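These are the residues of each chain, in order.
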Amino acid sequence: RVSLLRFSAGRNLGAHRGAEHGIRFQPGWRMDFVATSTLDGAVVPASPWHDIPLRLPSGILSFVNEIPRGTREKLEVATKLPYNPITQDTIKKTGALRSFTYGDIPFNYGCLPQTFESPTEIDELTGLGGDGDPVDVVEISDSAIAVGDVVGVRVLGALALIDEGETDWKIIAVRADNHKVRQ
């Protein structure tokens, strides 16, 4: 898959694409990202967290989708792995793959690239440090966005949650090309 967005994080990279390895929803599955160098045309590993710009030239924010609307599997950008592939989260105590147990999620879920909720910076609203991850996004359009797709979004609001003693911000957003945004 090739995105409409272009990297601009100082690495001279063109359009990115995600490549799945393994069987989705099985242990070991991952989606790695690659990009084409604008200098020599070489295909190089890329990070959906670090190499995609936060803002597009229009000012709209980039959104990396991890979990499509209507699914249950808890997929996420793996912040501790090289190039931060998307993987399925696991339960810390058992290593079992995580899924939402209350049903399919009614929204797309992912993150804002080039953001970080620092555990060492105390949030003035919650009084706690961040969770060490990119800022989360709940994208509320009517249709599912594929795993690994990057789309422009407009922010509607934000919620500061406390999760296991850490601040975990959720940005509420809608696809910038959603027809209801213009209404």
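Predicted, not measured: the structure shown is a model, and the values here were computed from it.

**A few points about the pairing of strand E10 (residues 166–175)**
For E10, a buried count of seven out of ten residues is recorded, marking the element as mostly surrounded by other parts of the structure. Where strand E8 (residues 136–139) lies against E10, four bridges are found, and the strand directions are parallel. By the bridge assignment, Val137 is partnered in E10 with Ile171. Pairing of strand E9 (residues 150–163) with E10 involves ten bridges; the strand directions are antiparallel. Bridge pairing in E10 links Asp163 to Glu166. Between E9 and E10, which follow one another and run antiparallel, lie two residues, and Glu164 among them has a positive phi close to 50 degrees.

**Some words on the pattern of salt bridges**
This structure, assessed with the given rule, holds eight salt bridges. Close ionic contact of Asp32 with Arg30 constitutes a salt bridge, the shortest N to O distance being 3.0 Å. The partner of Lys74 in a salt bridge is Glu76, with the nearest N and O atoms 3.5 Å apart.

Cut-offs applied
Residues numbered from 1 in each chain as written. Predicted model: local features only at pLDDT ≥ 70, side-chain atom pairs only at ≥ 80, totals over all residues. Heavy atoms only, no water. Buried < 20%, exposed > 50% of the residue type's maximum accessible area, 1.4 Å probe, protein only. Helix = DSSP H or I, 4+ residues; strand = E, 2+ residues; numbered from the N terminus. Pairing = 2+ DSSP bridges. Salt bridge = Lys/Arg side-chain N within 4 Å of Asp/Glu carboxyl O.

On their own, these measurements won't tell you what the molecule is for.
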